[in-house]
Amino acid sequence: MPGFAHRLIAFCALIVLCGGGKAVLATELLVAINDAPPYRIVAGEGQEPEFSGIYVEVLKEAASRAGHTLRFDVVPFRRALYLMEEGGADIMLGPNRSAEREKFMYFFDAALPDEPKAIYQSALTPDIRQIEELAGQHVGVLRGASYIDALSSEESIEWVEAADYLTLFRMLNQQHVDAVIVPELLAADLLSDKNLAVRKASLVLQGEPSLIGLSRKSQFFLSREYRGLEKELVNMRDDGTFDDIYRRYAGSGS
């Protein structure tokens, strides 16, 4: 009998009571993440990493409110998409919505703060002010990113993909590409301590909403237990928590 009681207590410790007294199992969620400051920050090489950033803090707070725990898997952006498609991870932070991605990801109904996309170019070339000026140029983008759609009208653009933005900036510095498209705050963070002959163009693309994606093969999705987490995300968006987190990072220059 004591053994049963101990098991019962251990089981009850996993239960979180939601509104109306409905019992929901506390779940550990696996988050596929890449280092992309200040949105997703992975700190600590050669040791147990620490995770922070705008999107990470949003999810941490929502998970805490909903009674769930998080575990992170550090992988390249393209690999994160693959894990979401195959059910190898539960959550991905910050992907834009697309028809292709909706086939394997459910997008929570609470858009994250917009991230304008900056255009960077060689310091020696004329300022890029209009989208039409990218025609015929080699433009560097993150492998797997979807914002190429924003420039679909310029069919003559030659897209050059790389696994990370720092590689793209180095390619731009060496004039292997003519321009790079990169989230504005992330670019400022990456270039803060780099001596590269690049500069920000006048042209800035309006960012598409960044979202939190949930794998449609995740048990968390299939069981529909995600609805409590989604409710907390909506509450945080509406009560100003999203904006508070964004301002803290955007103002710190992280």
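### Some thoughts on the overall build of the protein chain
Across its full length, the protein chain holds nine helices and 14 strands. Within the span of the protein chain, comprising 254 residues, buried residues form 45% of the whole. Once local pairs closer than 6 in sequence are excluded, the contacts in the protein chain between residues at least 24 apart make up 68%. When the accessible area of the protein chain is evaluated, it comes to approximately 12,900 Å², of which 50% is carbon and sulfur surface.

### A short note on the sheet that holds strand S10 (residues 138–142)
Sheet strands line up and pair through hydrogen bonds in the backbone, either parallel or antiparallel. Spatially, five strands are ordered S11-S10-S12-S9-S13 in an open sheet, and the strand pairing comes out mixed. Among the strands making up the open sheet, the edge pair consists of strand S11 (158–162) and strand S13 (198–205). Adjacent strand axes in the sheet meet at a mean angle of 30 degrees when their direction is disregarded. Running over the sheet, helix H5 (residues 165–173) touches strand S9 (117–122), S10, S11, strand S12 (179–183) and S13 and is turned about 155 degrees from S12.

### Points about H5
Buried residues of H5: Tyr165, Leu166, Leu168, Phe169, Met171 and Leu172, and no others. Tucked into the core, H5 has its buried residues touching S9, S10, S11, S12, helix H6 (184–191) and S13. N-cap assignment for H5: the residue whose side-chain oxygen lies 3.2 Å from the backbone N of Leu166 is Asp164. At the C-terminal side of H5, Gln175 shows a positive phi close to 60 degrees.

### A word on the packing of H5 against H6
The relative placement of two packed helices comes down to the angle between their axes together with the axis-to-axis distance. Where H5 meets H6, the closest approach of the two axes is 11 Å, and the angle between their N-to-C directions is 70 degrees. What the angle tells us is that H5 and H6 run roughly perpendicular. Where H5 abuts H6, its residues Tyr165, Leu166 and Phe169 lie against Leu186, Ala187, Leu190 and Leu191. Taken together, the residues that form the contact of H5 with H6 break down as seven nonpolar, no polar and no charged.

### Focus on the side chain of Gln137
Counting through the fold element by element, Gln137 comes out in the loop between S9 and S10. The class for Gln137 is buried, based on a relative accessible area of 19%. Separated by 2.7 Å, the side chain of Gln137 and the backbone oxygen of Glu133 make a polar contact. Beyond its immediate chain neighbours, meaning those up to four positions away, Gln137 contacts Ile157, Glu158 and Asp178.

About the criteria used
Residues numbered from 1 in each chain as written. Predicted model: local features only at pLDDT ≥ 70, side-chain atom pairs only at ≥ 80, totals over all residues. Heavy atoms only, no water. Helix = DSSP H or I, 4+ residues; strand = E, 2+ residues; numbered from the N terminus. Buried < 20%, exposed > 50% of the residue type's maximum accessible area, 1.4 Å probe, protein only. Contact = heavy atoms within 4.5 Å. Areas by Shrake-Rupley, 256 points an atom, 1.4 Å probe, with all protein chains shown as cover. Pairing = 2+ DSSP bridges. Axes fitted to C-alpha atoms, helices over the stretch in contact; angles between N-to-C directions. Polar contact = N/O pair within 3.5 Å; in protein donor to acceptor, adjacent residues only side chain to side chain. Parallel < 35°, antiparallel > 145°, perpendicular 65-115°, else oblique. Nonpolar A, V, L, I, M, F, W, Y, C, P; charged D, E, K, R; others polar.

Shape is all these values report; function is a separate question.
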